[in-house]
Amino acid sequence: MSDIDEVFTKLGFGKMQFIILFCCFLMQIWMTNEQLGFGVVIAGASCEMDIHDRRLAWLLAANFSAQMISCFIWGELADLYGRRRVIGFASIVAIIFSLISALMPEYWSFMAVRTVCGFFIVASVVSLSTYLSEFTKVSLRPRVLTIMGYSLGVSMIYVPSLGGALLSMRMEPSGWRILLLCNQLPGIIGTTLLIFLPESPKYYLSIDDQEKAMKVMERVCRMNKGKDVTLKSLGVESLTQARLRPPQKRGARSVSRNQSAYGKIWQGHLVFLLYILYPYGPRFCSAHLDDANPGSYVYVW
């Protein structure tokens, strides 16, 4: 059996890795547009939507709270059902809801749709780097992930440049709605590319599906080395992965993996909430107004 990281070293960084890097780079630009570039959209929508300071706080809090809460869920689902499947499904839903949000006529419906969008977009945030790194040989992973970081800078140029051109124009529909639609273009292109890319072979090894892992690696081999080169010609008969848990029977594995996954999800949420609320518990969580003295608080913690 050949270690999968050693096989990637033999195959090098070729056409398949460049296509995956390009796809992930576009997806990262889109995610940054949605997370950080959204502030430019709000600046243009503030008058039309009557977004004052309090409404702005609720909008951003709802959006980022949805992302923080769902990140635990998507991380576990990516291990259960595959990185590509989770990224693809969640990205399509997030793009659809982002497009719908550009059509919302008033603030509350806009906030509700943006919250749903935030819930799904974080799936790509937690899984994209994992998907890319699992197709890259160990020696190049730091360099490849550094290149991915440049996508944030591209987004920070892309959104303000479009915003400066669109938000100053008086037109129908409003400039901020067109900007929100333009922010989805990298995500649409990246998600379309993702449909034609393979699942991570390391995911297949983690669920003990040697046949599919070999098919993916065979595809990588032919794209990188040419159609005449196969894994067998390179001396690779089967694959293994370091620190891999021993396989179980399929039915038992499905039950145990699902039970452990959902247990970890709720444990993660509980730890996160306790970490956030504990310092403020005496002040906020366990305080109530004293009826005899309305100006004071009685602490029971």
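The structure under discussion appears in the preceding block.
Before going into details, it helps to say that this report is about the structure given with it. The model shown is predicted, which means the values in this text are computed figures rather than measured ones.

## Looking at the overall build of the chain
In terms of regular secondary structure, the chain is built from 13 helices and 4 strands. Residues counted as buried form 44% of the 301 residues belonging to the chain. Taking contacts inside the chain between residues at least 6 apart in sequence as the whole, the part at least 24 apart equals 76%.

## Focus: unusual backbone geometry
At the junction of E172 and P173, the peptide bond is cis and its omega measures out at 0° in the coordinates. Residue position: P173 is located in the loop between helix 7 (141-166) and helix 8 (175-182). Unlike most non-glycine residues, D50 shows phi in positive territory, near 55°. Along the chain, the position of D50 falls in the loop between helix 3 (38-45) and helix 4 (53-81). Under the relative-accessibility criterion, D50 is labelled partly exposed at 47%. You will see that D208, though not glycine, has its phi angle at about 65°, which is positive.

## What about the environment of M217?
Residue placement: M217 occurs in helix 11 (residues 210-225). Residues M217 and L239, spaced 22 residues apart in sequence, show a C-alpha to C-alpha distance of 9.4 Å. In this structure, M217 is in contact with I4, V7, F8, L11, P201, L231 and L239, ignoring residues within four places of it in sequence.

## Side note on the environment of S91
Tracing the sequence through the fold places S91 in helix 5 (residues 83-101). Exposure remark for S91: the relative accessible area of 0% places this residue in the buried category. Distance in space between the C-alpha atoms of S91 and C117 is 9.2 Å, their sequence separation being 26 residues. Setting aside anything within four residues of it in sequence, one finds S91 in contact with M27, W30, S124 and T191.

## Regarding a nonpolar patch on the surface
Taken together, the side chains of I92, I96 and I100 make up a nonpolar region of the molecular surface, amounting to roughly 230 Å² of accessible area. Among the structural elements, I100 can be located in helix 5. I100 gets classed as partly exposed once you look at its relative accessible area, which sits at 33%.

## Notes on the packing of aromatic side chains
All told, the structure shown has 11 aromatic pairs when counted by the stated rule. Arranged with centres 5.6 Å apart and planes meeting at 80°, the rings of F110 and W176 form a pair that is edge-to-face. Placement of F110 in helix 6 (residues 107-133) and of W176 in helix 8 is noted, with a sequence separation of 66 residues between them. For the pair F110 and W176, one class covers both residues: buried. Taking 5.4 Å as the distance between ring centres and 75° as the angle between the ring planes, the aromatic pair formed by F119 and F120 counts as edge-to-face.

## What to know about the pattern of salt bridges
Summed over the entire model, instances satisfying the criterion amount to 8 salt bridges. The partner of D5 in a salt bridge is K202, and the shortest N-O contact between them spans 2.9 Å. Within this pair, whereas D5 is found in helix 1 (residues 4-11), its partner K202 is found in helix 10 (residues 201-206), the two being separated by 197 residues in sequence. Classification of K202 as buried rests on a relative accessible area of 8%. We note a salt bridge from R222 to E218, for which the minimum N-O separation is 3.9 Å. In this pair, R222 and E218 both sit in helix 11, 4 residues apart, roughly one turn of the helix. Taking relative accessible area as the criterion, R222 reaches 37% and is therefore assigned partly exposed. Among the ionic contacts, a cluster of salt bridges with common partners joins D5, R141 and K202.

## Topic: the nonpolar core
Core analysis: the largest hydrophobic core is formed by 49 residues, its most contacted members being I20, W74, Y131, M217 and L239. Breaking this core down by element, the ones donating at least two residues are helix 1, helix 2 (15-35), helix 4, helix 5, helix 6, helix 7, helix 10 and helix 11. Judged by nonpolar contacts, the second largest core, of 18 residues, contains I42, M49, Y107 and F110.

Criteria and cut-off values
Residues numbered from 1 in each chain as written. Predicted model: local features only at pLDDT ≥ 70, side-chain atom pairs only at ≥ 80, totals over all residues. Heavy atoms only, no water. Helix = DSSP H or I, 4+ residues; strand = E, 2+ residues; numbered from the N terminus. Buried < 20%, exposed > 50% of the residue type's maximum accessible area, 1.4 Å probe, protein only. Contact = heavy atoms within 4.5 Å. Patch = residues over 30% accessible without salt bridge, like charges linked within 9 Å, V, L, I, M, F, W, Y side chains within 5 Å. Areas by Shrake-Rupley, 256 points an atom, 1.4 Å probe, with all protein chains shown as cover. Salt bridge = Lys/Arg side-chain N within 4 Å of Asp/Glu carboxyl O. Phe/Tyr/Trp six-rings, centres within 6.5 Å; stacked < 30°, edge-to-face > 60°. Core = buried A, V, L, I, M, F, W, Y, C linked by side-chain atoms within 4.5 Å.

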